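Summary of structural features
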Amino acid sequence: MRVVLLLVAVAALGLSACGEKEQVVVYKQGKYQGKPDNQSWSNDPLPAEYRGGTWTKGDRSSWEESIKKRQMTQNEYRRIGQ
Amino acid sequence: MARMKFLCDAERCIECNGCVTACKNENEVPWGVNRRRVVTINDGVVGAEKSISVACMHCSDAPCMAVCPVDCFYRTDDGVVLHDKDLCIGCGYCFYACPFGAPQFPQAGAFGLRGKMDKCTFCAGGPEPDRSEAEFRKYGRNRLAEGKLPACAEMCSTKALLGGDGDVIADIYRERVLRRGRGADLWGWSSAYGVRPGAQTPTPQPAPTTGKS
């Protein structure tokens, strides 16, 4: 009985290292799953001479809109003539 | 919600290495570390030889994240896979797990001593204050926090390399394929994002016949 219990304990301990963490985005108090980082839209936009995007600080949708505009410059069928 | 992805159009890549140079310059990547590189597929096969630009694809279900023994990876709200160099022990597991060979290890000293892993950050920096000196030294420029796209994609002269929200770049690619009527195969897209080739990039339809020969 003791041997069986020991084997179960060893197996449980050994397999505990095989777990896989879920790859979900968790952002809490300036940290992503414990790693300190902040979100792109939480910054102020750069001054105009640096030709960055323009968005409202802290507003995710305005940052996404700005980056989307920039992405569309990769489409030469739309870009030419603008 | 933006999900940042890379897409390389093998029909357009001319192997100029502009993306590699842009990345090296923008992030001041040291010698021996190549966050991005251009590889040739079907090398030597006449008519089938293509070039593609490869780096970390920021996979939807990233194998590097799954195998890291110290759990140094994380995914941002934009879908960018980043890692914390303060936690990385340079074990190299992520290198073996990555289907794109993206993780790079600087040779930090004699006897093959390996440094901490370095990889493409989608120009999104890392776990340091955004646009700070510390972030630049460890991870490179944070262009996303400047409202810009990765330097490699923005510098690509033929626009073979597209970077940005998956939906937007897939739309650009779809339009391109329909106009040219060929070359719908996407290298690495299904491995990275779990989508069958053709599910997001339609097969071009033959042009309607006019009845004239």
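Residues numbered from 1 in each chain as written. Chains lettered and ligands numbered in written order. Predicted model: local features only at pLDDT ≥ 70, side-chain atom pairs only at ≥ 80, totals over all residues.

The subject of this paragraph is the overall build of chain B. Along the backbone of chain B there are 7 helices and 6 strands. Listed by position from the N terminus, the elements making up chain B come as β-α-β-β-α-β-β-α-α-α-β-α-α. When the 213 residues of chain B are sorted by exposure, 43% land in the buried category. Of the contacts made within chain B by residues no fewer than 6 positions apart, 54% connect residues no fewer than 24 positions apart. (Helix = DSSP H or I, 4+ residues; strand = E, 2+ residues; numbered from the N terminus. Buried ≥ 20, exposed ≤ 12 C-beta atoms within 10 Å, placed from the backbone. Contact = placed C-beta atoms within 7 Å.)

When you go through chain A residue by residue, the secondary structure sums to 3 helices and 3 strands. From first element to last, N terminus to C terminus, chain A shows the α and β order α-β-β-β-α-α. Here the C-alpha atoms of chain A give a radius of gyration of 24 Å, more than 25% beyond the 12 Å that 2.2 N^0.38 yields for 82 residues. The principal-axis extents of the C-alpha atoms in chain A amount to approximately 80 × 35 × 20 Å. Evaluated residue by residue, chain A yields a buried proportion of 15% over its 82 residues. Taking as baseline every contact in chain A between residues at least 6 positions apart, the subset at least 24 positions apart corresponds to 0%. (Rg over C-alpha atoms; globule rule 2.2 N^0.38 Å.)

If you look at soluble globular proteins, the nonpolar side chains tend to sit buried side by side. Residues and elements named next belong to chain B. Among the nonpolar cores identified, the biggest contains 57 residues, and L7, F73, V81, C152 and L161 are the most heavily contacted of them. Here this core takes 6 residues from helix 6 (residues 166-180), the largest share from any one element. Excluding its chain neighbours within four sequence positions, the residues that come into contact with L161 are F6, C8, C19, S53, C152, A153 and C156. (Core = buried A, V, L, I, M, F, W, Y, C linked by C-beta atoms within 7 Å.)

Residue and element names in this part refer to chain A. Pairing is antiparallel across the open sheet formed by 3 strands, whose spatial order is 1-2-3. What marks the edges here is a single partner per strand, and that holds for strand 1 (27-28) and strand 3 (35-36). Bridge analysis of strand 1 against strand 2 (residues 31-32) gives 2 bridges, and the strand direction is antiparallel. Bridging across to strand 2, K28 finds its partner in K31. (Pairing = 2+ DSSP bridges.)

Counting residues at the interface gives 32 residues for chain A, matched by 32 residues for chain B. Breaking the side of chain A that touches chain B down by element, the ones donating at least two residues are strand 3, helix 2 (60-72) and helix 3 (76-79) of chain A. When residues in the side of chain A that touches chain B are grouped by element, the largest group, 7 residues, is from helix 2 of chain A. Of the residues belonging to the side of chain A that touches chain B, the class tally is 11 nonpolar, 13 polar and 8 charged. (Nonpolar A, V, L, I, M, F, W, Y, C, P; charged D, E, K, R; others polar.)

Residue and element names in this part refer to chain B. Of note in this structure, C123 is not a glycine but carries a positive phi near 50 degrees. With respect to the helices and strands, the residue C123 is situated in the loop between helix 3 (93-97) and helix 4 (133-139). We note that K159 has phi near 60 degrees; this positive angle belongs to a residue other than glycine. Its location among the elements puts K159 in the loop between helix 5 (151-155) and strand 6 (161-165).

Before going further, it helps to spend a moment on helix 6 of chain B. Residues and elements named next belong to chain B. With 15 residues, helix 6 ought to run about 21 Å at 1.5 Å a step, and its terminal C-alpha atoms sit 21 Å apart, in line with that. Taken as a whole, helix 6 has its buried residues at G166, V168, I169, A170, I172, Y173, R176 and V177. Backbone geometry just after helix 6 places G181 at a positive phi near 75 degrees. (Expected span 1.5 Å × (residues − 1).)

Let's shift gears to the confidence of the model for chain B. All names here are of chain B. On average, residues of chain B carry a pLDDT of 89, and 89% of them reach 70 or more. Put simply, helix 7 (residues 189-193) is where chain B has its lowest mean pLDDT, 91, and helix 1 (residues 18-27) is where it has its highest, 97. The complex prediction reports pTM at 0.85, with the ipTM value standing at 0.84. (pLDDT = per-residue confidence, 0-100.)

Residue and element names in this part refer to chain B. The element strand 6 is largely enclosed, with a buried count of 5 among its 5 residues. Strand direction decides the pairing type here: strand 1 (residues 4-8) and strand 6, joined by 5 bridges, are antiparallel. Across the sheet, L7 pairs through a bridge with L162, a residue of strand 6.

Let us now look at helix 2 of chain A. All names here are of chain A. Here helix 2 contains 13 residues, and its C-alpha end-to-end distance of 18 Å stays within 8% of the 18 Å for a straight helix at 1.5 Å per residue. Regarding helix 2, the residues found buried are W63, S66, I67 and Q71. The arc that holds every buried residue of helix 2, seen down its axis, measures 145 degrees, which confines them to one face. For helix 2, the exposed residues set more than 90 degrees away from the buried face come down to S61 and K69. (Arc of directions from axis to C-beta.)

What follows is about the confidence of the model for chain A. With 91% of its residues at a pLDDT of 70 or more, chain A shows a mean pLDDT of 86. Per-residue pLDDT, averaged within each element of chain A, yields its smallest value for helix 3 of chain A (82) and its largest for helix 2 of chain A (94).

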